[in-house]
Each structure stands twice: as structure tokens, then as C-alpha cells.
Amino acid sequence: RLTNDGREVLFHPDASRGTAAVRSKSAIIHGLCTWSVQMGASVYGTDMVVGVCADELDLSSSIYSYRSLLGDNGDSWGISYRGIRRHNGKELEGPHKPFSANSVVTLQLDTSRQQICVSVDGSPLQIAFENIYESGYRPLFAAVSSTAATTRMRLLCSEHFLLNLQNICIYYIRQQVKHASDIDKLPLPNIMKHKLKALWVSPR
């Protein structure tokens, strides 16, 4: 069930009988896209996953089975709350720590570098998946899934930048700045400071 103008999803509002999933309406076609999702007060169950999927992924394929779903095949990439990353049915130790109630999970998809990076609770972005177009280029979508009853995820913010020198610089600087209060101290044009602040999501 979508609420808050489509920015929040409530999974299994009555009881869970399988895996529920939802994806973004718009595809990520080119550029650098970053979005942050906050977990709700309950994080548990077989799996709760934040990730990316292609149009070919059938989001309703597991409504009567408990699975991670995102990352089960070559059409999706998943970041699990258990601290693992999944793609093509393989589970690997993630560059991220396990996340829990109210954690903020940030994903960044770089179409030029063919990478998906992850950050949990303000940690530096780290590469989770590479060569994401290895089997051919295709538009991708942000996606989330959960097997647990009455769990929530909320989209905090999203940014989509074309890959130019200014925006590349902004993302590299963002990875080095530890506190949002430090941004105003940087010798940068105000427009770059504004973009840096727009990307900042503090753990809640």
C-alpha cells in the first residue's frame, strides 16, 4: 500500500503471505541517480531489500512465497538488511553493514561506470555491484521488497544528475565531507554548496 503521495510503502498491512515489492514509475536511463530510503520502526523477517531492477522482473512472482526477490536473478540487484548483496541468485558479503529500524539506506546508480554503490546511515558510498550492463544496456528502476508484515519504507530524497565535470566533483566531495555543517566552510561556489546540501541525508 502506497501512502504519503507515493513516497512511502506499507508492506502486508494485515498479514504476510509472501513477498511484496514495488518499483519506481520512472526508469533510470542515463546519468548519476542517487536516492535514500528510510526503514520503518520494524525491520525483520526473511528479508527486506532495497535495490534496482529491470522491467523484465516480475514483482508479483513471489506473493505466495518468502524470498528476497531483488537479486534472485539477472534482472535485479538487491541490498539486504542482513548485510549482504544479491544478484543472479548469489549472495555475497556486502560492503554495507546490516541495517535496522529507522536506518537510512542510500543507493547510487552510475550508468557511465556501470556501478551501483551503497551507503548505510551516512557511511561513505561503496561499490556494491559493477558491470551492471554486462548482458546489455537496458533502463533500470529503483525497487524495494519485504516479506515482513506491517513494515514500512519511505523515500527521503532522490537526485538525478547528468554526468558533467561539476556534478562529478560534487559527488567526490560529498564522499569526503563527514558533517553537513562543514559544507559552508568549503571554498566552493554557492551553487555547488547547495547541491551538496541537497544530497545530505542524516540518519534518523
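Located above this text is the structure these notes cover.
This section reports on the structure supplied with the text. (Residues numbered from 1 in each chain as written. Predicted model: local features only at pLDDT ≥ 70, side-chain atom pairs only at ≥ 80, totals over all residues. Heavy atoms only, no water.)

1. Brief notes about the overall build of the protein
Thought 1: The helix and strand tally for the protein stands at two helices and 13 strands.
Thought 2: A compact globule built from 204 residues should have a C-alpha radius of gyration of about 17 Å, and the protein, at 17 Å, falls within 12% of that.
Thought 3: Among the 204 residues that make up the protein, the fraction classed as buried is 47%.
Thought 4: Pairs at least 24 apart in sequence give 63% of the contacts found in the protein among residues at least 6 apart. (Helix = DSSP H or I, 4+ residues; strand = E, 2+ residues; numbered from the N terminus. Rg over C-alpha atoms; globule rule 2.2 N^0.38 Å. Buried < 20%, exposed > 50% of the residue type's maximum accessible area, 1.4 Å probe, protein only. Contact = heavy atoms within 4.5 Å.)

2. Comments concerning unusual backbone geometry
Thought 1: The backbone phi angle of histidine 12 is positive, close to 50°, even though this residue is not glycine.
Thought 2: Structurally, the position occupied by histidine 12 is in the loop between strand E2 (8-11) and strand E3 (20-23).
Thought 3: Phi angles above zero are rare outside glycine, and leucine 69 is one such case at about 65°.
Thought 4: Within the secondary structure, leucine 69 sits in the loop between strand E5 (48-54) and strand E6 (76-80).

3. A short note on the pattern of salt bridges
Thought 1: Applying the stated criterion to the full structure yields 10 salt bridges.
Thought 2: Across the salt bridge formed by arginine 152 and glutamate 8, the nearest N and O atoms sit 3.3 Å from each other. Placement of the pair is arginine 152 in strand E13 (residues 151-161) and glutamate 8 in strand E2, with a sequence separation of 144 residues.
Thought 3: In this structure, aspartate 182 engages lysine 185 in a salt bridge whose closest nitrogen and oxygen atoms are separated by 3.6 Å. (Salt bridge = Lys/Arg side-chain N within 4 Å of Asp/Glu carboxyl O.)

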